[in-house]
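One-letter residues, chain by chain:
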Amino acid sequence: YSFEPLPDCFAQLKGALPGDANFFPIETGVGRQDETLDFYRSFHSPSSSFLKMEEFHKEAFPETSNGQDSEPLKINVRTLDGILAGKDLRENILFKLDVQGFELEAIAGASETLSRSKVVIIEMSFAHLYEGQPLFHDVYEAVYGHGFRFRGSLAQMLHPETGEIVQTDAIFVKE
């Protein structure tokens, strides 16, 4: 199961694994509750978010220097638990989350899914890239509260000028 809120990016996702009976792309955002929210499309689409981009984001990732569209899109948001309820999921789920500052919202709507998950990989930030986004310690505490323990990082993204760690793909494993 893979989720993408932007229509054009969803079309690309949908075409990624044609004919694979085990691939289920779903066009939606994920969050705490079912609702419709403003979504800020970045001119560099991987940096699009439900949150407005901070200037620091543009410094740390120069490809985003043009920022976001001035007019947000209206995007449907659903909880992962609601979407996946009744689905025939195998146990020991690998849960990968990359939601550009919307981590706590997505986690809040995924308690049941997390209870069935074995490994969680989350892109987490050490600096504010989006307005009001949670940082590493905030997301760490939320995931820890679901019984997961931090086991390391897959990758770190560094600020191109200062070399400071800006983001990481953190790995958590259920105790």
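What this report covers is the structure whose coordinates are included nearby. Note that the structure is a prediction, hence the values are computed from the model and not measured.

Conventions adopted
Residues numbered from 1 in each chain as written. Predicted model: local features only at pLDDT ≥ 70, side-chain atom pairs only at ≥ 80, totals over all residues. Heavy atoms only, no water. Pairing = 2+ DSSP bridges. Helix = DSSP H or I, 4+ residues; strand = E, 2+ residues; numbered from the N terminus. Buried < 20%, exposed > 50% of the residue type's maximum accessible area, 1.4 Å probe, protein only. Arc of directions from axis to C-beta. Contact = heavy atoms within 4.5 Å.

To continue, consider the sheet that holds strand E3 (residues 29-30). Pairing between the strands of a sheet is mediated by backbone hydrogen bonds and can be parallel or antiparallel. What the three strands build is an open sheet, ordered E3-E5-E4; its pairing is mixed. Edge positions in the open sheet fall to E3 and strand E4 (35-39), since each of these has one partner strand only. The pairing of E3 with strand E5 (residues 73-78) spans two bridges and is parallel. Its bridge partner being in E5, Val30 is matched across the sheet by Arg78.

As a further point, take helix H6 (residues 136-144). Within H6, burial applies to Phe136, Val139 and Val143. Within H6, the buried residues cover an arc of 75° as seen down the axis, which keeps them to one side. Contacts from the buried residues of H6 go to helix H4 (103-108), strand E7 (117-125), strand E8 (148-158) and strand E9 (165-174).

With that settled, consider the pairing of E7. The buried fraction of E7 amounts to seven of the nine residues, a majority that puts the element mostly inside the structure. Sheet analysis places strand E6 (residues 93-97) next to E7, joined by five bridges and oriented parallel. Within E7, the position partnered with Ile93 by the bridge is Ser117.

Turning to unusual backbone geometry, a few remarks are in order. We note that Asn92 has phi near 60°; this positive angle belongs to a residue other than glycine. Relative to the helices and strands, Asn92 resides in the loop between helix H3 (80-84) and E6. Look at Gln100: it is not a glycine, yet its phi comes out positive at around 50°. Within the secondary structure layout, Gln100 lies in the loop between E6 and H4.

Let's shift gears to the pairing of E8. Regular strands place side chains that alternate from one sheet face to the opposite one. In the sheet, E8 pairs with E9 via eight bridges, with the strands oriented antiparallel. Within the sheet, the bridge partner assigned to Leu158 lies in E9 and is Ile165. Hairpin geometry of E8 and E9 is characterised by an intervening segment of six residues between the two adjacent antiparallel strands and by a positive phi of about 80° at Gly163.

The quantities given are spatial measurements derived from coordinates; they are silent on function.
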